[in-house]
Amino acid sequence: MSPAPAAPSARRSVRRLATRLYTAALRLLPDALPPGGRGAAAEAFDALQDEAWQARGARGLAGCWLAETGSLARLLAPRPHLPRRPMTMLTHDLRDAYRALRRSPGFTLVVVVTLALGIGMNTAIFSVVDALLFKSLPYADAERLVVVAERHPLGGRNTVAPANFLDWQARATSFTGLAARQSRTETLLDGDEPRTLRGALVSVNYFALLGVDAALGRVFTDADGRPDAPCAVVISHRLFAQQLGADTARLGRDLAFAAERCTLVGVLPADSVFDRGAYDVYRPLVLGPGATRSSHFLTVFGRLAPGTTVARADAEMVAVAAAISGEHPEIELDWSATVVPLRDVVVRADTARLAWVLMGAVALVLLIATVNIAGLGLSRAVARRPEVSVRVALGAGRWRVFRGLLVESLLLSATGAAAGVGVGRIALRAFSAYMPAGTLPAEAIATLDGRALAFTALLAVVTGLLAGTVPAWHGARDNVSGALRSTGRSVSGSRASARLHGGLLVTEIALAMILVTGAALLVASFVRLTRVSPGFDATDVLTLRLSLPETRYRSAQAVADFYGRVTANLQALPRVAGAAAITSLPLGGWLYGATFSVEGEPVDPARPPAAHVQHATPSYFETLGIPLAAGRAFTTRDDARAPLVAVINETFARRFIPAGDAVGRVVRMDEFNLQGEDDARWRIVGVIRDVKTYGLDDAELATPEVYIPVAQSPTPSLFVTVRSDGSPATALVPDVRAAIRTLDPELPIADLQTMTDRVGGSVTSERFRTALVGGFAALAALLACLGVYAVRSQAVVARRREIGIRVALGAKRGDVLAMVLGQSARLVVAGLGLGLAGALAMTRVLDRWLFATDARDPWMLAGAMAALGLAAIAASWVPARRAAAVDPLTVLRDA
Amino acid sequence: MSPQVFQILLSLADRTLHGYAIIQDIRTRTDGAMSLTASTLYAALRRLLDAGLIDELDARPDDDPRRRYYRITPKGRAAGKAEAARLERLTAMARDKRWLPAKRSPR
């Protein structure tokens, strides 16, 4: 191509511009060019442009610019004159490190295994913490999902009355939608045996609000929410797989429930949050104009409108609730509404605390392991001093040596972390398997995902640097001539390395002390908790739950008759000592309460007292071994035709009938009864001793309870308790099942458990966290003791000559032993002291979990210190013995 | 020693040259196989100056005041010769392995 003669001036100005740009770029490289080189280079560039244009025209010019740009880029890149060197250096260092580690396989193996365990556990716990606190919940745009709740006068969140929900939907503007859910029990009659399932009634927009669609079929539409719509159900995928064999032909067909038949319209996605959640069956929640305002049972979810904040939505809901209260005088005083981010509801504060405590515990374990590895590395650096000195003498810079040693440490930690991913996977699986159901919410999906792996990589770097810096610095710092001179002698005894070793020992004892104290507190608390008497005798009692369907037990009398018959039939079974039914079992929580007044006692009408109401069959107290304090228990004569009677517990009597005999007094309570009495009069016939209602850690002041006979106030859903004659309670299961089946073959038997298991189950979360923290503390203590052993052995080896001389000069074996142990003890005590300060600061987070145990109990702290201290001194016993066995002749001859 | 540096030393072996002339000389000698850019050249010159293998003439014999002239130093000549000898040994080895045709012995 020939140059275009048409536009010489334009061409010249383009070239001038290019030259100017080139000169400007060269300003960025003041050091790459000789003095005055910028102008010279610009001149050459000019000439080259010219030449290129002459030879090949525009294409030549472009080629010239491209080539020059490439050269500039290479020069501008970091260390431009050594473009490939950093990588090569790293490869060199890695190869050297690999070779060095191959030469000490024992050290390498110990370090890699320790790190794999430490990092793996950290990765596993991190994935739990991440799922609970940081990862977004598995719903579409989950950050904008909130729970809207009522707020009762005491300030707590409360479920929502349906009429209020409808008003909110109509009035609130802060949300793109509000959806409601009500839990219920469903009985599925699809298989051989009726099956009890957790179900939910949900407003038809529920799934859309959460941003979830059906995997098969559809979710609910507005048409499903009309009062006259045919019954439609959406089910979880796990139910679809278990019960229907994942048969898609069942879609659109009917499923038989105890109450009615419903069309299966949709199946939710597999392996989704719904497969881990509580509910298997969803039906549309149909709310009409007659919805109640006095009964609160809906959980309400909202999606914040764009641009709205939780605080603003909360303010609006307070105003909306106030307006509704104004219009409905029947709403009790001081009720309001509140908006809370969904995560704050899903992740309970206690769960978040558990996650943080475990994260702290495993981090401490890893830190101790890292300190141990630093100690090992330090000994190794000291032992390799001759080798290092030779390298330094041959011209390796100090930085080069430091870098080499650090790369070794990083290679170790990277290997450990890689193995740690496998450990983490196993740890996470074990954690999920052993954690009590409900520890993690369904929304928290702990997996070893990219985030967890990134965390693992971070741990690898941090532990590598932590464990490597001290030995590398120590190794590189050595003075060449000194080290070379001392080659062959006992080179390991430098004062600096002894100080460093001592510091590491103190550190790890201090760290272990924190964990040991925490674990000791939790264990003490747990032991005290399990020694608490629940107020009843749980041994040899079988329990199960029955729910009589309204469709077949239409009258209250039918319900009363059924429970009368079922308890009578069970009592007649062989090996059965007693059988009864009750609304809620001890430790099972407050099921429902009622306000009441005691005749003759003053009542504040604005704040009437409330008690936990229990419906019981006659032999309930006897069956559970709950002792009577006064009066009598129920009998079969307390039936529908007899006067209404009640039994109260001691707390009720103490609080509401402070003076005189409670038996004979009358409790007025608007509770349903077969005699049709409004605001009925229940005459107290007996007082029982208190039973723990919520859990073994119930406060001293128990819940006030009032028991009324099932025969007088029937209720369809009750727990049945059966006491054996001393044979194992589980042996009764077949007979009990058969007896119930005879009365009603379609009635599902739910929640079959021995009472002992229930008592144990009431402390599973306590047991779980105690076991975990205890396990980590034991591991920490073990690692710390290993560290003490290693450090003290090292010290003894380093001081063999000195010890030999002492012995030669007349020191007794016992003196040597005492000297070495004394030094160990000083270091251990320093560590314990530091650790005590740490423990006092850290164990405060456990306060909430401690039952009858003070986190600052001096005896507990002293006990933890003594235990750890003795273990540490014991660990230094072997090295001390070795010191005492030093033979002065051998040592002095070798020297 | 990089090929570029060796070529620059060769260019300066028997005369003083300015930068652009060095580029041209190298390109001519290598039949265009090596064509330096201005920045690469001057970066290399800087390293050669720092190492004392070349130095800059105080005189500016040319018309263009921006031009700088360079000449080889005895140290540069020695380094270039050492490199040439090394290359010769390499080619001799390659020849022994018959990667190159055998050299005709001088008659």
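Everything numeric here is computed off the predicted structure, so don't read it as measured data.

(A) Inspection of the interface of chain A and chain B at higher detail. Across the boundary between the two partners, chain A contributes 26 residues, which contact 21 residues of chain B. With both sides pooled, the region where chain A packs onto chain B buries about 1,800 Å², and carbon together with sulfur makes up 59% of that total. By the criterion of area lost to chain B, the three top residues of chain A are Pro34, Glu43 and Glu51 of chain A, representing 29% of everything that side buries. In this assembly, chain A and chain B are joined by two salt bridges. Among the ionic pairs, glutamate 51 of chain A bridges to arginine 27 of chain B, the shortest N-O distance being 2.6 Å. Residue contributions to the side of chain A that touches chain B peak at 17 residues, all from helix 2 (residues 37-76) of chain A. Looking at side-chain class alone, the side of chain A that touches chain B contains 16 nonpolar, five polar and five charged residues.

(B) A look at the environment of alanine 811 of chain A. Residues and elements named next belong to chain A. Its location among the elements puts alanine 811 in the loop between helix 23 (800-808) and helix 24 (813-842). Alanine 811 sits in the partly exposed class, given a relative accessible area of 24%. If we skip the residues at most four places from it in the chain, alanine 811 touches Arg806 and Val816.

(C) Structural detail: the side chain of aspartate 93 of chain A. All names here are of chain A. Tracing the backbone through its elements, the reader meets aspartate 93 in helix 3 (residues 85-103). With a relative accessible area of 2%, aspartate 93 lands in the buried category. When residues no more than four places from it in sequence are discounted, the contact partners of aspartate 93 are Arg400, Arg403, Gly404 and Val407.

(D) Main features of the confidence of the model for chain B. Residue and element names in this part refer to chain B. Confidence in the prediction for chain B averages 86 pLDDT; 92% of positions are at 70 or higher. Of all helices and strands in chain B, the one with the weakest mean pLDDT is strand 1 (residues 17-18) (88), whereas helix 1 (residues 3-11) scores best (92). On the interface metric, ipTM, the complex scores 0.81, and its pTM is 0.68.

(E) Examining the sheet that holds strand 1 of chain B more closely. All names here are of chain B. Within the open sheet, the three strands sit side by side as 1-3-2. Their pairing is antiparallel. Looking at strand neighbours, the two that pair on one side only are strand 1 and strand 2 (54-56), the edges of this open sheet. Summarising the sheet, strand 2 and strand 3 (residues 69-72) pair through three bridges and their orientation is antiparallel. When the bridges of strand 3 are listed, isoleucine 54 appears paired with isoleucine 72. Along the sheet face, helix 3 (residues 38-51) touches strand 2 and strand 3 and points at about 105° away from the line of strand 2.

Conventions we followed
Residues numbered from 1 in each chain as written. Chains lettered and ligands numbered in written order. Predicted model: local features only at pLDDT ≥ 70, side-chain atom pairs only at ≥ 80, totals over all residues. Heavy atoms only, no water. Contact = heavy atoms within 4.5 Å. Buried area = accessible area lost by both parts, 1.4 Å probe. Salt bridge = Lys/Arg side-chain N within 4 Å of Asp/Glu carboxyl O. Helix = DSSP H or I, 4+ residues; strand = E, 2+ residues; numbered from the N terminus. Nonpolar A, V, L, I, M, F, W, Y, C, P; charged D, E, K, R; others polar. Buried < 20%, exposed > 50% of the residue type's maximum accessible area, 1.4 Å probe, protein only. pLDDT = per-residue confidence, 0-100. Pairing = 2+ DSSP bridges. Axes fitted to C-alpha atoms, helices over the stretch in contact; angles between N-to-C directions.

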